[in-house]
Amino acid sequence: MANPRARKVADRIKEVVAKRLDKGLRDPRLGFVTITDVQVTGDLQHASIFYTVYGTDQERADSAAALTAATGMLRTEVGRNLNTRLTPSLEFIPDGVPENAASIEALLREARERDELTHSSAATAQYAGDPDPYVKPREWVGDDADTSGLGDDADTSRLGDDAPADDGEQAR
């Protein structure tokens, strides 16, 4: 709704309908209704009125039926208070904001619980493996000691394993 005129008409419709609902309708089914938003088409022919109802599912259904029954009377009220050539048709749509907010709250609550669980398990966690997993440099033993530093019966074939093999090929 980029049209500024449509926005002004929508705001005026919101005020008129809210005031009329505040005065009350003669329908006992109507509960505590709040008009959250109004959207008007660019040609000002149709208005979608979004509302919420405080209460149970049965009260929401009853309020929806009461608003549908009172659409003609509310359109007449809007026509009296708007300075337009044509009165827009009204459509009442239940707003999904409360349900969306409830689902978002549930997701945030679950995320907080998982964060607390992670923090509590991290407080008692220990590293896997050796306390110091990094390879230490070999200490030089000297000329007078055994060259392998492992003793007479040690396997000396593994001493050169960490040195790169030179087969005469160069890296490309």
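Residues numbered from 1 in each chain as written. Predicted model: local features only at pLDDT ≥ 70, side-chain atom pairs only at ≥ 80, totals over all residues. Heavy atoms only, no water.

1. What to know about the pattern of salt bridges
Then, number 1: According to the stated counting rule, one finds six salt bridges in the structure shown.
Then, number 2: In this structure, Arg60 and Asp57 form a salt bridge, with 2.9 Å as the shortest nitrogen-oxygen distance. Highlighted residues: Arg60 and Asp57, both in helix α2 (residues 57-69), separated by three residues, approximately one helical turn.
Then, number 3: Residue Asp57 is classed as exposed on the basis of its relative accessible area of 60%.
Then, number 4: Linked through salt bridges whose partners overlap, the residues forming this network are Arg7, Asp11 and Asp37. (Salt bridge = Lys/Arg side-chain N within 4 Å of Asp/Glu carboxyl O. Helix = DSSP H or I, 4+ residues; strand = E, 2+ residues; numbered from the N terminus. Buried < 20%, exposed > 50% of the residue type's maximum accessible area, 1.4 Å probe, protein only.)

2. Concerning the packing of helix α1 (residues 4-23) against helix α3 (residues 71-81)
Then, number 1: Between α1 and α3, the shortest axis-to-axis distance is 10 Å and the interhelical angle comes to 125 degrees. Relative to α3, the element α1 lies oblique. As α1 packs across α3, the resulting crossing turns out to be right-handed. Of the residues in α3, those in contact with Arg12, Ile13, Val16, Val17 and Arg20 of α1 are Met73, Leu74, Glu77, Val78 and Asn81.
Then, number 2: Looking at the contact of α1 with α3 residue by residue, the classes come out as six nonpolar, one polar and three charged. (Axes fitted to C-alpha atoms, helices over the stretch in contact; angles between N-to-C directions. Parallel < 35°, antiparallel > 145°, perpendicular 65-115°, else oblique. Left-handed = near helix turned anticlockwise from the far one by under 90°. Contact = heavy atoms within 4.5 Å. Nonpolar A, V, L, I, M, F, W, Y, C, P; charged D, E, K, R; others polar.)

3. Concerning unusual backbone geometry
Then, number 1: Even without glycine at this site, Leu44 takes up a positive phi of about 60 degrees.
Then, number 2: When you line up the elements, Leu44 lands in the loop between β1 (32-40) and β2 (46-54).

4. What about the pairing of β2?
One face of the sheet, then the other: side chains in a regular strand alternate in exactly this way.
Then, number 1: With respect to burial, β2 is a largely interior element, seven of its nine residues being buried.
Then, number 2: By the bridge criterion, eight bridges tie β1 to β2 in an arrangement that is antiparallel. Residue pairing across strands places Gln39 opposite Ser48, the latter belonging to β2.
Then, number 3: Between β1 and β2, which pair antiparallel and follow one another directly, the connecting turn spans five residues, one of which, Leu44, has a positive phi of 60 degrees.
Then, number 4: Taken together, the six bridges between β2 and strand β3 (residues 89-94) define a ladder with parallel strand orientation. (Pairing = 2+ DSSP bridges.)

5. Here's the deal with the sheet that holds β1
Then, number 1: Strand order in the open sheet formed by three strands is β1-β2-β3, and the pairing between neighbours is mixed. The open sheet has two free edges, formed respectively by β1 and β3, since each of these has just one partner strand. Taken over all neighbouring pairs, the strand axes of this sheet differ in orientation by 30 degrees on average, direction set aside.
Then, number 2: On the sheet, α1 packs against β1, β2 and β3 and is oriented at approximately 160 degrees with respect to β1.
Then, number 3: Across the sheet, α2 lies against β1, β2 and β3, angled at about 150 degrees from β2, the strand it touches most.

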